[in-house]
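Notes for the structure review
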Amino acid sequence: YFQNAVDQRPKIAQTHYELGRAQLANQEPTQAMASFQRCLDLNPEFAPAHYQKGDLFLKAGQRSAAAEAYQATLRLAPDFAAAHDKLGILAVMRNQLGEGYRHFRQAVELAPDNGMFRHNLARCLTQRKQYDSAAKEYRRSLQIENSAAAAEELIWILATCPDSTVRNGREAVAVGERFLS
């Protein structure tokens, strides 16, 4: 369908973008990358195409290219929460926890009901040894979506945290019973 749309309207960026998304769904990343690039050739300010290219670069292990694509996304669409989240992931991968925290915090502020963004923020807070704040974000994440990974990480903090004001064995058991049974 989208290939026909591109054939009929080859100079409309949106059709190339939609073709690229269809190619992603069909697990054709090379073709999708070409479609997203054609979209950007026609409209360099099409932020979602930059973001999709970032995801493809990230999956291919090309972290610098991914970061550039996500930064381009944010230059064009500063409120693109998912681009902040991905830049946070890349920063944490480089052990740049402060930068990661800032991007995760921005993603959560832009999309407060996204459990994955909160989960990523909580992981970063844990790595920064901000256990109380991490536990709060894990709890908020679990209020939004039932994630076994978030539950397990919250249980770990509650059961083993070196900060006795955060450690709470009873809550750890309750979280396990609620989310993992």
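Residues numbered from 1 in each chain as written. Predicted model: local features only at pLDDT ≥ 70, side-chain atom pairs only at ≥ 80, totals over all residues. Heavy atoms only, no water.

If you look at the biggest cluster of nonpolar residues, it comprises 49 residues, and the most contacted ones within it are I157 and V175. Ignoring any residue separated from it by four or fewer positions in sequence, one finds V175 in contact with L142, A151, L154, I155, L158 and L180. (Core = buried A, V, L, I, M, F, W, Y, C linked by side-chain atoms within 4.5 Å. Buried < 20%, exposed > 50% of the residue type's maximum accessible area, 1.4 Å probe, protein only. Contact = heavy atoms within 4.5 Å.)

Following the sequence through the fold, R170 ends up in helix 11 (residues 169-179). Taking C-alpha positions, R170 is 8.6 Å from L158, a pair spaced 12 residues apart along the chain. (Helix = DSSP H or I, 4+ residues; strand = E, 2+ residues; numbered from the N terminus.)

Our focus in this paragraph is helix 6 (residues 81-93). If you check helix 6, its first and last C-alpha atoms are 19 Å apart, about what 13 residues at 1.5 Å a residue would give, namely 18 Å. Among the 13 residues that make up helix 6, 11 are buried, leaving the element largely enclosed by the rest of the structure. Looking at the packing, one finds that the buried side of helix 6 touches helix 4 (47-59), helix 5 (63-76), helix 7 (97-110) and helix 8 (115-127). Within two residues after helix 6, N95 carries a phi angle of roughly 65 degrees, on the positive side. (Expected span 1.5 Å × (residues − 1).)

Time to look at the packing of aromatic side chains. Per the stated rule, a full pass over the model turns up four aromatic pairs. A centroid spacing of 5.6 Å and a plane angle of 45 degrees characterise the contact between Y17 and F36, whose relative ring orientation is tilted. Separated by 19 residues along the polypeptide, Y17 in helix 2 (residues 13-25) and F36 in helix 3 (residues 29-42) bring together distant segments of the chain. As far as the burial class goes, Y17 and F36 line up, both buried. With 5.4 Å between their ring centres and 50 degrees between their planes, Y51 and Y70 make a pair best called tilted. On the criterion of sequence distance, the pair formed by Y51 in helix 4 and Y70 in helix 5 is long-range, its members being 19 residues apart. Each member of the pair, Y51 as well as Y70, carries the same accessibility label: buried. (Phe/Tyr/Trp six-rings, centres within 6.5 Å; stacked < 30°, edge-to-face > 60°.)

On to the pattern of salt bridges, then. The full count for this structure, using the stated rule, is nine salt bridges. Of the charged contacts, one joins E153 and R123 as a salt bridge, the two residues approaching to 2.8 Å between their closest N and O atoms. Separated by 30 residues along the polypeptide, E153 in helix 10 (residues 148-160) and R123 in helix 8 bring together distant segments of the chain. A salt bridge links R139 to E171; its shortest N-O distance comes to 2.7 Å. With R139 in helix 9 (residues 131-144) and E171 in helix 11, the pair connects residues that are 32 residues apart, well separated along the chain. Via salt bridges that share partners, R105, R118, E137 and R140 belong to a single interconnected network. (Salt bridge = Lys/Arg side-chain N within 4 Å of Asp/Glu carboxyl O.)

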